[in-house]
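This is what each chain is made of:
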Amino acid sequence: MNKKKALSGILAAGILASVPLSAAHAISPKWVNVNVSEEQDGSLFNSENYDFMKFSVIGTKLAEIDKQSNRVKVEVKGTSADGYPLYVVTIADPGAQGKFGKIQALRKQMFKNPEKAQDWIADNPDFKVPIMINGSIHGTEFVGSDAVMQLIERFATQNDEETKEILENNILIFNVVQNPDGRVDATRFNGEGIDLNRDFITQSQPETQETVSLIKEWNPMVFLDTHGYVKNYAPNKQGLIEPCTPPHNPNYEYDLYQKWANHQAEAMEAEIMGDKALYTGTLYKEMDGAYIPQRDDSAGWDDYPPIFTPMYAMYHGAYGHTLEAPTNDEDGVRWMYNAIMGALKYSTDNKEVMITDQIEMFKRGINFDHPFHEEGHFPKAYILPVNEEDPTAVNKAVNHLIKNDIDVIQASKAFAADGKSYPKGTYIVPMDQAKAGLANTMLWDGEDITDDTPAMYDISAWSLPELWGFEAIAVQHDVKATATKVNNVKEQGSLSGKGPFIIPNSSVKAVQLVNELLKQGVMVHRDSEGNFYAEGSANAISAAVKDSGLSIMSGSVPADAKTIKEVNVGILKDGGMNKAQSHSGTKLALKRLGFNVTELSPSEVANNGLASHDIFVYSGTENLISLNLSNANKEFGLKSQEELAAFKANVEKFVSEGGKYIAVGAGASRATKTLGLTDDIINTGGSNSNGIIKVDYQGTGASAGYSEDDLGFVYRPVWYTGTENDDVLAAIADEEDFFVAGHWKNRSAAQGQAIMVKEQDKDVTLIGIEAGFRDHTDYLFRLLSNAIYEK
């Protein structure tokens, strides 16, 4: 049954009718219903489950609370990937209702005149600070939203002194269920298979974009992100409360953060311990406290990558904390409720000094005064040149920066910076601005932190210029340019000449345009350099070109150009091995490139074959074709030896009959070896290793559009040896410093080795570069389209 179409007794339309919408959302999207019979009672991803609050009743419950209270504002701020409402509840004492806009405007003074804002706070001790609590960004971590719902009801309806004091001093913003898809489906990820708590630099998903907008709207002083499940990280210390272990991202003003975050964490711990008698489980009755990584450990739970929600919020001045409850049960809900109450009490008692230091962070940015950073760490500005023929990558970056509260200006006259001339239209990101740390973490090249820590919790490099494919030039002297502030970049492509029309192999938008033209029936050729030639009339292709943002001109079709056709791509689906859908980033990359993509489970390939597809992509763990699986993973892989044999036979048949097979990443490369489709030796680095590397691409065919001195991204790095009967399309640079940024120990063996190869006797391509990683590595997406189009 399709949850997006099925009828049920509880309709989202009915739920939403009772929930007031903000003026901005008065015209609502087409909501889908939540079919109660399809909501999961438990999850394959959790060994323990309880009677948690179903998403289908949350809207009704919020409407009931709203009717009982004059402290509450309930809004729907958008929809999830699967179309479910994203509820936001704001609670303040009645005197603050109707004044949220004024309060937000006062907070904006922090970015314009921080000294004045600090003075105002000193003169107005009755001011209120916003505190944001994020509910269950991972769908299976049910206790977070359950605790949030209990807190909403308390602060909406109760009148004890503690409740009143907190509301007299704070505005509480509850992002009630940040991942409705995951809660309904009882999965960690959203409906697109993305772990939302890894998406806060890319911001590819609607749920992430909604949270970013909410953080920008309020600039909360404290941000609490509810998770589970962590126990026994330290002897008898149950659950986890950040701050984190090193390495700390160098783009924070970390001294200001930890000055208060450590004490706030201990206040949360004290609140949990103070309620110890009411817990029922032995784990809780015997606990000695909570695990606070910075206090209790030296490495392993870092706050280095800004991809996590609280880490991202810290760049907006928030004291961010991840809260990991110990268990998935009512005790876990109580632990989370107590932790949040501890944070609220501490913020109430210390709001003036905490907000003063939050403003101090913005003051440092505006004054270009970073006392705990080495000189030169923050450049005076970033220059973002514009490629006139294909400005789409830099335009995307500029709009992204603006959406993240980063100021961008555009030169209205030519200018010079650090001895180099730049034309009119060049973008500039001045670094004397309030959120300089966020600007820098998005635009810098990154650094090699291999020797700084034994292991990293997640990725260690994410540079937008290097991985989205635009240039960001750091300049160390003041930039004197006549320029205007940019509020939004609107793209419109242009077309000149009578054709054939040359579409350069230059960006995601270029390939997307090609696929759109193929769907319209336009004849397209591709040359060895990867460039495309559309033979349609100007009238036939002009609308698609305008939408693309590209400047397209006429030219002649080279003799070596080959006709390409629309193709159907099947991608092997990872339903959730090890709590991740490892194929999802590649799937989204292929969709953004404009391909028709179908997800195929291992069992579907085994039982139905691949005859209806032109391309088969394997991007993910080798365990998808293994029978040696844990109980949690068996659901997503092959079910029997017979299915494994049928899977192998169907893939072999597909390739032997001219189908194209593409493997992406270490796991898929290992699987390709198991399937007998390559005789290469598959070498891998540690599973904890990842980062940006230097790559020498062949520059034609499947690596067209990339050069001999270029970049790639690896995650659990893989390289190939024994490639004598392959075409080596790309190799890791043969130089000792091939590693640009990230964390990769014992990497010397990979130097100069093949990282992208094509078998000579069959249409099998191995791509060791993570070309579609988490929908982030835009610059590398064209490796996928190249491999697909290459004959």
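Residues numbered from 1 in each chain as written. Predicted model: local features only at pLDDT ≥ 70, side-chain atom pairs only at ≥ 80, totals over all residues. Heavy atoms only, no water.

### Remarks on empty space enclosed by the protein
- With the rule as written, the count across this model stands at three cavities of 30 Å³ or more.
- Approximately 110 Å³ is the volume found for the largest cavity.
- Every residue lining the largest cavity is listed: Tyr252, Glu253, Leu256, Tyr257, Met314, Gly317, Ala318, Tyr319, Asp357, Gln358 and Met361.
- Of all elements in the fold, only α9 (254-274) and α13 (330-366) reach the threshold of two or more residues within the lining of the largest cavity.
- Per-element tally for the lining of the largest cavity: the top contributor is α13, with three residues.
- When its residues are assigned to classes, the lining of the largest cavity shows seven nonpolar, two polar and two charged.
- In this model, the second largest cavity occupies a volume close to 60 Å³.
- Lining the second largest cavity are Asn251, Tyr252, Glu253, Met314, Tyr315, Met361, Gly365, His370, Ala434, Ala436 and Gly437. (1 Å grid on protein atoms, 1.4 Å probe; cavity = no way out; pocket = protein on both sides within 12 Å on 5 of 7 lines; lining within 4 Å. Points joined across faces, edges and corners; volume = space filled by probe spheres on them. Helix = DSSP H or I, 4+ residues; strand = E, 2+ residues; numbered from the N terminus. Nonpolar A, V, L, I, M, F, W, Y, C, P; charged D, E, K, R; others polar.)

### Quick word on the sheet that holds strand β16 (residues 473-475)
- Judged by pairing direction, the sheet is antiparallel, and its five strands sit side by side in the order β16-β11-β15-β12-β17 without closing on themselves. Two strands bound the open sheet, and with one partner strand each, they are β16 and β17 (483-485). With direction set aside, neighbouring strand axes in the sheet form an average angle of 30°.
- This element, helix α14 (residues 392-403), spans β11 (381-384) and β15 (427-430) of the sheet and lies at about 30° to β15. (Pairing = 2+ DSSP bridges. Axes fitted to C-alpha atoms, helices over the stretch in contact; angles between N-to-C directions. Contact = heavy atoms within 4.5 Å.)

### Observations concerning the pattern of salt bridges
- Taken as a whole and assessed by the stated rule, the structure comprises 45 salt bridges.
- Across the salt bridge formed by Glu153 and Lys61, the nearest N and O atoms sit 3.3 Å from each other. Of this pair, Glu153 sits in helix α5 (residues 143-157) while Lys61 sits in helix α2 (residues 55-68), and the two are 92 residues apart along the sequence.
- Using a relative accessible area of 29% as the deciding quantity, one classes Glu153 as partly exposed.
- Across the pair Lys73 and Glu75 runs a salt bridge whose closest N-O atoms are separated by 3.9 Å.
- The exposure class of Glu75 is buried, given its relative accessible area of 5%.
- Here the salt bridges share partners, and the residues they tie into one network are Glu141, Arg188, Asp195, Arg198, Asp458 and Arg774. (Salt bridge = Lys/Arg side-chain N within 4 Å of Asp/Glu carboxyl O. Buried < 20%, exposed > 50% of the residue type's maximum accessible area, 1.4 Å probe, protein only.)

### So, the side chain of His525
- Here His525 is to be found in strand β20 (residues 524-526).
- At 2.8 Å, the side chain of His525 and the side chain of Glu535 are in polar contact. (Polar contact = N/O pair within 3.5 Å; in protein donor to acceptor, adjacent residues only side chain to side chain.)

Take it as geometry only, folks, not as evidence of what the structure does.
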